[in-house]
Amino acid sequence: MSKTKNILILCTGNSCRSQMAEGWMRFYAKDKANVYSAGIETHGVNPKAIATMKDIGIDISNHTSNHINEYKDIPFDFLITVCDHAKENCPYFPSDAKRFHHNFSDPSKLLGTEEEVKAAFANTREEIRKYCENFVNQEL
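Throughout what follows, the structure given in this document is the object of discussion. (Residues numbered from 1 in each chain as written. Predicted model: local features only at pLDDT ≥ 70, side-chain atom pairs only at ≥ 80, totals over all residues. Heavy atoms only, no water.)

**Here we look at helix α2 (residues 47-54)**
Every buried residue belonging to α2 is among A49, T52 and M53, and all of these are buried. Here the buried residues of α2 occupy an arc of 100° about the axis, which is enough to place them on one side. Exposed and facing more than 90 degrees away from the buried side of α2 are P47 and K54. The distance from a side-chain oxygen at the start of α2 to the backbone nitrogen of K48 is 2.7 Å, and the residue carrying that oxygen is N46. (Buried < 20%, exposed > 50% of the residue type's maximum accessible area, 1.4 Å probe, protein only. Helix = DSSP H or I, 4+ residues; strand = E, 2+ residues; numbered from the N terminus. Arc of directions from axis to C-beta. Polar contact = N/O pair within 3.5 Å; in protein donor to acceptor, adjacent residues only side chain to side chain.)

**Some remarks on the packing of aromatic side chains**
On inspection of all chains with the given rule, the structure shows 11 aromatic pairs. Consider the rings of Y71 and F76, whose centres lie 6.4 Å apart with planes at 85°: the pair is edge-to-face. Judged by its relative accessible area of 12%, Y71 is buried. F76 sits in the buried class, given a relative accessible area of 5%. With a centroid separation of 6.3 Å and 25° between ring planes, the pair formed by Y131 and F135 is classed as stacked. Of this pair, Y131 and F135 both sit in helix α4 (residues 114-139), separated by 4 residues, roughly a single helical turn. Grouping residues by exposure puts Y131 and F135 together as buried. Clustering of aromatic rings is evident, with ring pairs tying together F78, F100, F104, Y131 and F135. (Phe/Tyr/Trp six-rings, centres within 6.5 Å; stacked < 30°, edge-to-face > 60°.)

Here is the structure:
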């Protein structure tokens, strides 16, 4: 039996996209992986990210916003950056992890009506869902 993999999902503020990705990755990976998310800053978990995941039955309300340095002693197998800013500005992170990058749209930056913002969060949630499902099928 192969060992459980460690996955780190990295974003700028560990507030929205990385939190949704952590929720989806845990959902699809089940016991095949320990999933963590972090930021190069910490902005707290976005309430709209919590709400949009709750809409499809995944509870991320107990997630915390963590700084990448909190995880420097964990031997990660995979490091996934989910925004260009994190990929370009990530401090040196010593790891033999296989690195992946996907720049998901950022719904937290959208200005619009409540319906438009909710739709943007749902769209990003679905982008991330597809990515995580494919990742688990191909890498785990």
